[in-house]
Amino acid sequence: KRSELEKLDATLADSDVIMDERRQAVGLLDETLFARRAEVADLDTTLDARREAVGFLDKTVDETRSRVNAQRKELEEAEQEVGARRRTKAALDESIQLVKAEALEEA
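As the structure is a computational prediction, the values presented were derived from the model and not from experiment.

This paragraph deals with the overall build of the chain. Within the chain, the secondary structure is distributed over 1 helix and 0 strands. Taking 107 residues into account, the globule formula puts the C-alpha radius of gyration at 13 Å, and the chain, at 45 Å, lies well above it. For the C-alpha atoms alone, the extent of the chain along its principal axes is close to 155 × 15 × 10 Å. For the chain, buried positions account for 1% of its 107 residues. Carbon and sulfur atoms make up 56% of the accessible area of the chain, which totals about 10,300 Å². Looking at the chain, you have 19 positive and 27 negative side-chain charges, and the mean spots of the two groups are 2 Å apart.

Set out below in structure tokens:
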């Protein structure tokens, strides 16, 4: 019986060692989990900051597009005005040529 008790004591001691090792492993896993949660929190913060930056850039792009479109409209209006002035100048040049031709005929 003593031999059986010694075997049981040895088994119990081995079980205690195994349990301690498992507790240590669980502790390490808890530490790892805590560290990973901190990393995820940092990544969430980074993601939020990047989303905010993208929002700012989107707003900037929209404002720039609006300015470009306004400048295009101004350019189109200026080109139309230049075209109208050229047509007016051509008409005036033609009128001057007609007046000169009439003056030469009369002279």
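The full count for this structure, using the stated rule, is 5 salt bridges. Between Asp62 and Arg65 there is a salt bridge, with the nearest N and O atoms lying 3.9 Å from each other. Of the two residues, Asp62 and Arg65 both sit in helix H1 (residues 2-106), 3 residues apart, roughly one turn of that helix.

Here Asp20 lies in helix H1. By relative accessible area, which is 42% here, Asp20 ends up partly exposed. Here the side chain of Asp20 touches Arg23 through a polar contact of 3.1 Å, side chain to side chain.

Right, let's get into a negative patch on the surface. On the surface, Glu74, Glu76, Glu77 and Glu79 cluster together into a negatively charged patch. If you trace the backbone, Glu74 turns up in helix H1.

Reading guide: rules and limits
Residues numbered from 1 in each chain as written. Predicted model: local features only at pLDDT ≥ 70, side-chain atom pairs only at ≥ 80, totals over all residues. Heavy atoms only, no water. Helix = DSSP H or I, 4+ residues; strand = E, 2+ residues; numbered from the N terminus. Rg over C-alpha atoms; globule rule 2.2 N^0.38 Å. Buried < 20%, exposed > 50% of the residue type's maximum accessible area, 1.4 Å probe, protein only. Areas by Shrake-Rupley, 256 points an atom, 1.4 Å probe, with all protein chains shown as cover. Lys, Arg positive; Asp, Glu negative; His and termini not counted. Charge placed at Lys NZ, Arg CZ, Asp CG, Glu CD. Salt bridge = Lys/Arg side-chain N within 4 Å of Asp/Glu carboxyl O. Polar contact = N/O pair within 3.5 Å; in protein donor to acceptor, adjacent residues only side chain to side chain. Patch = residues over 30% accessible without salt bridge, like charges linked within 9 Å, V, L, I, M, F, W, Y side chains within 5 Å.

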